[in-house]
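# Structure at a glance
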Amino acid sequence: MSSMLLTRQLIYGLQQSSKIAVPGCRYVSQAAAKTAVDFDYDGPLMKTEVPGPRSRELMKQLSEIQNADAVHFFCNYEESRGNYLVDVDGNRMLDLYSQISSIPIGYNHPALVKLLQQPQNLSTFINRPALGILPPENFAKKLEDSLLSVAPKGLNQIITMSCGSCSNENAFKSIFMWYRNKERGNSCVSKEELETCMINQPPGCPDYSILSFMGGFHGRTLGCLAATHSKPVHKLDIPTFDWPIAPFPWLKYPLEDFVKENEQEEARCLEEVEDLIVKYRKKKRIVAGIIVEPIQSEGGDNHASNDFFKKLRNIARKHGCAFLVDEVQTGGGSTGKFWAHEYWDMEDPADIVTFSKKMMTGGFFHKNEFRPDAPYRIFNTWLGEPSKNLMLREVINVIKNEGLVNNAVQAGKVLHKGLLELQARYPHLMSRTRGQGTFCSFDAPNDAIRNKLILQTRNKGAVLGGSGERSIRFRPTLVFKDHHANLFLNIFNDVLADFK
Ligand SMILES: Cc1ncc(COP(=O)(O)O)c(C=O)c1O
């Protein structure tokens, strides 16, 4: 379909598909309630196995020029709409993974299509500036309208980046500069520091560290990798820093049955955090900052209580460590709060909050005191992308106007409750069902069964993702509604019932 035609259809809603059983169709979804998302399809439609023949052909072609083993299937983004991802073989799947949790308001949202069509926005999409030196006239205003309109409590400074790793990497640098400036007090940078930094030696390159958690994921660049501990595949063969790694709580479910055990588990981890801070100080590898995800995502959807995070925040404060909350995956509303750390209900929850994915641009919010003290210290050529800020502003409008954060609470309840019911019915296949908003997950008995469940569900028309060793994670868009949850639960019930 030409993009003009797609655009017309999106705007005039001509695309409301009637669910026609196509000859050779292996599976047609059970009837779903009429969609409330007017640009959505009304159910999955499967024509082949996934990956189908066209996807396989394209995989072969791509494999000739790069390792394409991670590719699941090839997509037709023109035809994808709302919660439905269409592949190159014409399969239409309900997408509960949404491009690794990065699509905020569904595929081809009419509000974004309209934005792109407005002539006054054209130059923002065509001309990518080096924002740090040559920003457009409206740059500060656009940041105020977009990112700053959802700034976490107490963080009024913003810097944009291009991806999650890049955001954490630069947040680490901001922490180290802040820490060193605190130590320097009023004295100037010495000649020795200027000379030694050029040969990777202290005092110019101080032996500071960032404390992170086992199971955490903060990206794949070199600095971030030192704080990433989710899977060996990310880390193997890469030199790294000697930075402290604390255990992250491993909670037992259902939470109400294991209150005491879980409290003890969290206390054990917090004690270890303090011990490590002291130990690393003695080793002369001062912990300048702590990085933590509100829900460890890639590492297996590991949650901890609000109390755990409050205490952790207080430990950081007590030891003079910056507190960096990585909301790259949790940010943007799917947990039922715009920022997952809002659940902690703290006056001063973070010094720095990093984001990317659903926020469309990477970057970080920070307190005034973390402002770089000179130009070019936190810098790269693009520093993000103004067209993404423009799109984000529209995304935030849609989120606010349509109450999509509350929708995540509501749809999340349906999904969570449904998963608990399935878990009760199929305890040999599901355990530890957990979640906040639609940010849900459960554990399969092992990696092999988890992967098989994902593949079989996909062939029945719903896309899921894995996390950690044996979890399945749910990361739908914010326009995922109750009826999508019910539709998915029906499909998944069939998969579990037939599972061999
Ligand atoms: C919590 C978290 N931090 C950082 C990253 C890295 O982001 P990116 O892949 O955009 O570099 C991810 C990516 O999944 C993430 O989930």
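Parameters and conventions
- Residues numbered from 1 in each chain as written.
- Predicted model: local features only at pLDDT ≥ 70, side-chain atom pairs only at ≥ 80, totals over all residues.
- Heavy atoms only, no water.
- UniProt positions renumbered as here; feature names shortened; annotations may be inferred.
- Salt bridge = Lys/Arg side-chain N within 4 Å of Asp/Glu carboxyl O.
- Buried < 20%, exposed > 50% of the residue type's maximum accessible area, 1.4 Å probe, protein only.
- Helix = DSSP H or I, 4+ residues; strand = E, 2+ residues; numbered from the N terminus.
- Phe/Tyr/Trp six-rings, centres within 6.5 Å; stacked < 30°, edge-to-face > 60°.
- Lys NZ or Arg CZ within 6 Å of the ring centre and 35° of its normal.
- Near = heavy atom within 4 Å.
- Polar contact = N/O pair within 3.5 Å; in protein donor to acceptor, adjacent residues only side chain to side chain.
- Areas by Shrake-Rupley, 256 points an atom, 1.4 Å probe, with all protein chains shown as cover.
- Nonpolar A, V, L, I, M, F, W, Y, C, P; charged D, E, K, R; others polar.

Looking at an unreviewed UniProt entry, one finds the chain named 4-aminobutyrate aminotransferase, mitochondrial and attributed to Geotrypetes seraphini. Quoted verbatim from the Function (unreviewed entry) heading of the UniProt record, the comment on the chain is "Catalyzes the conversion of gamma-aminobutyrate and L-beta-aminoisobutyrate to succinate semialdehyde and methylmalonate semialdehyde, respectively. Can also convert delta-aminovalerate and beta-alanine." What the UniProt record of the chain gives under Subunit (unreviewed entry) is the line "Homodimer; disulfide-linked."

## As for the pattern of salt bridges
According to the stated counting rule, one finds 28 salt bridges in the structure shown. One salt bridge connects Glu 193 with Arg 184, and the closest N-O pair in it is separated by 3.0 Å. Each member of the pair Glu 193 and Arg 184 is classed as buried. For Arg 313, the salt bridge goes to Asp 351, with nearest N and O atoms at 3.2 Å. Of this pair, Arg 313 sits in helix 12 (residues 306–318) while Asp 351 sits in the loop between strand 9 (322–326) and strand 10 (352–355), placing them 38 residues apart in sequence. With relative accessibility at 7%, the residue Asp 351 sits in the buried group.

## What to know about the packing of aromatic side chains
A full pass over the atoms with the stated rule returns 25 aromatic pairs. Seen from their ring centres, Phe 338 and Trp 339 are 5.2 Å apart, and the 75° between their planes marks the pair as edge-to-face. Side by side, Phe 338 and Trp 339 carry an identical accessibility label, which is buried. Taken together, a centroid distance of 6.3 Å and an interplanar angle of 35° make the contact between Phe 442 and Phe 474 tilted. One end of the pair, Phe 442, is in strand 13 (residues 439–443); the other, Phe 474, is in the loop between strand 16 (471–473) and helix 16 (482–498), with 32 residues separating them in the sequence. Summarising the burial analysis for this pair, Phe 442 and Phe 474 share the class buried. What links up through ring pairs into an aromatic cluster is the set Phe 172, Phe 176, Trp 178, Tyr 179, Tyr 208, Phe 241, Trp 243 and Phe 370. Positioned above the aromatic ring of Trp 382 is the side chain of Arg 128, whose terminal nitrogen or guanidinium carbon lies 3.4 Å from the ring centre. The positively charged end of Lys 337 is found above the aromatic ring belonging to Tyr 343, 5.3 Å away from the centroid.

## Things to note about the site of the ligand
In the neighbourhood of the ligand, 13 residues make up the surrounding shell, with Gly 164, Ser 165, Asp 326, Gln 329 and Lys 357 lying closest. The separation between an oxygen atom of the ligand and a polar main-chain atom of Gly 164 is 2.9 Å. Relative to its unbound accessible surface of 390 Å², the ligand loses 86% to contact with the protein. Of the residues in the shell around the ligand, the class split is three nonpolar, six polar and four charged.

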